[in-house]
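Per-entry structural report
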Amino acid sequence: MENAANFALLLARVWVGAVMFAHGWRHVKALQSGPGMANWLESLGLRNGPLQAHLLTWSEVAVGPVLALGLLTPVAYGAVASLMLVALITNHRDKGFFITARPTEGWEYVGTLAALSIALGALGPGRWSLDRGLDLSFPFEPDKALLVAALVGIGGTLLYLGTFWRPPQPTPS
């Protein structure tokens, strides 16, 4: 049973980490192609689009491997949750639930990743992780790890949005 649980935690970390890295890598390509991503982020109400494009891109690129390797796992899961919650609030919230809705994309995907990241953050890294290999004394008890993942995820989202987001005002009809 213990090996199955450690494998499940490893699988979750590697998969979520790979998804985040791959998404960030696509953003690296977008950064290289010109100001389109920065302009789009500004259209969502985020101040200083070029800064936001870099913050978003390099956060996703960095958190992917950190999470996959199991380093500071509750913090890494919290960072994933925050990235996804910011996307949900700034871009997906008003487009319905299903991501397959076209021409827009709903919040199903980002909401699921955010919720699962906070939940998985509470479970700790498992035995097969850098956290355990380095014998870090980071709080991995479920209640403390959940608190860390939630504070980073939800608190980071609130801090980020409070600092950078000024939602566009609807035009009067």
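In what follows, the structure referred to is the one given above.
Remember, predicted model here, so these are calculated numbers, not experimental data. (Residues numbered from 1 in each chain as written. Predicted model: local features only at pLDDT ≥ 70, side-chain atom pairs only at ≥ 80, totals over all residues. Heavy atoms only, no water.)

**Quick look at helix H2 (residues 36–43)**
Stated formally: For every residue, the accessible area (1.4 Å probe, protein chains only) is compared with the maximum for its type, and the residue is labelled buried under 20%, exposed over 50%, or partly exposed between those bounds. Counting from the N terminus, the helices are DSSP H or I runs at least four residues long and the strands are E runs at least two residues long. Think of it as the arc spanned by the lines of direction from the helix axis to the C-beta atoms.
All of the buried residues along H2 are Met 37, Ala 38 and Leu 41. With its buried residues spanning 100 degrees around the axis, H2 presents them on a single face. At the C-terminal side of H2, Gly 45 shows a positive phi close to 100 degrees.

**A short note on the packing of aromatic side chains**
Short version of the rule: Stacked, tilted and edge-to-face are the three classes assigned to paired rings of Phe, Tyr and Trp, where Trp is represented by its six-membered ring and a pair needs centres within 6.5 Å; plane angles under 30 degrees give stacked, over 60 edge-to-face, the rest tilted.
Inspection of the entire model under this criterion finds four aromatic pairs. Measuring from centroid to centroid gives 4.9 Å for Phe 97 and Trp 107, while their planes differ by 85 degrees, and the two rings are edge-to-face. Of this pair, Phe 97 sits in the loop between helix H4 (73–92) and helix H5 (108–123) while Trp 107 sits in the loop between H4 and H5, placing them 10 residues apart in sequence. Site record: aromatic cluster; members linked through ring pairs are Phe 97, Phe 98 and Trp 107.

**Here's the deal with the environment of Thr 100**
Relative to the helices and strands, Thr 100 resides in the loop between H4 and H5. Residue classification places Thr 100 among the exposed residues on the basis of a relative accessible area of 59%. Along the chain, Thr 100 and Leu 146 lie 46 residues apart, while their C-alpha atoms are 31 Å from each other.

**Some words on the packing of helix H1 (residues 2–32) against helix H3 (residues 49–69)**
We apply this condition: Axis angles are defined between N-to-C directions and span 0 to 180 degrees, where every axis is a line fitted to C-alpha atoms and, for a helix, only to the segment in contact. Convention used here: angles under 35 degrees read as roughly parallel, angles over 145 as roughly antiparallel, angles from 65 to 115 as roughly perpendicular, and any remaining angle as oblique. Less than a right angle of anticlockwise turn of the near helix away from the far helix marks a crossing as left-handed, whereas a clockwise turn marks it as right-handed. Residues were grouped as follows: Ala, Val, Leu, Ile, Met, Phe, Trp, Tyr, Cys and Pro as nonpolar; Asp, Glu, Lys and Arg as charged; and all remaining residues, including Gly, as polar.
H3 packs onto H1 with a crossing angle of 155 degrees between their chain directions and a minimal axis gap of 7 Å. One way to sum up the angle between H1 and H3 is to call them roughly antiparallel. The handedness of the crossing between H1 and H3 is left-handed. Split by residue class, the contact of H1 with H3 holds 16 nonpolar, seven polar and two charged.

**Overview of the pattern of salt bridges**
To keep it simple, the criterion reads: A carboxyl oxygen of Asp or Glu within 4 Å of a side-chain nitrogen of Lys or Arg is what we treat as a salt bridge.
One pass over the full model with this rule turns up three salt bridges. Across the pair Arg 127 and Glu 2 runs a salt bridge whose closest N-O atoms are separated by 2.5 Å. With Arg 127 in the loop between H5 and helix H6 (130–133) and Glu 2 in helix H1, this residue pair connects regions lying 125 residues apart in the sequence. Between Lys 95 and Asp 94 there is a salt bridge whose closest N-O contact spans 3.9 Å. A relative accessible area of 25% means that Lys 95 is categorised as partly exposed.

**Comments concerning unusual backbone geometry**
Non-glycine residue Leu 72 carries a positive phi angle of around 50 degrees. Among the secondary structure elements, Leu 72 is positioned in the loop between H3 and H4.

**Notes on the packing of H3 against H4**
To keep things clear, this is the line we draw: The contact criterion used is simple: two residues touch if any of their non-hydrogen atoms lie within 4.5 Å.
Close contact between H3 and H4 brings their axes to 10 Å; oriented N to C, the two are set at 145 degrees. The two elements H3 and H4 cross, and the hand of that crossing is left-handed. Taking contact as the criterion, the partners of Leu 56, Ser 59, Glu 60, Val 63, Val 66 and Leu 67 in H3 are, on H4, Thr 73, Ala 76, Tyr 77, Ala 79, Val 80, Leu 83 and Met 84. Partitioned by chemical class, the residues of the contact of H3 with H4 number 10 nonpolar, two polar and one charged.

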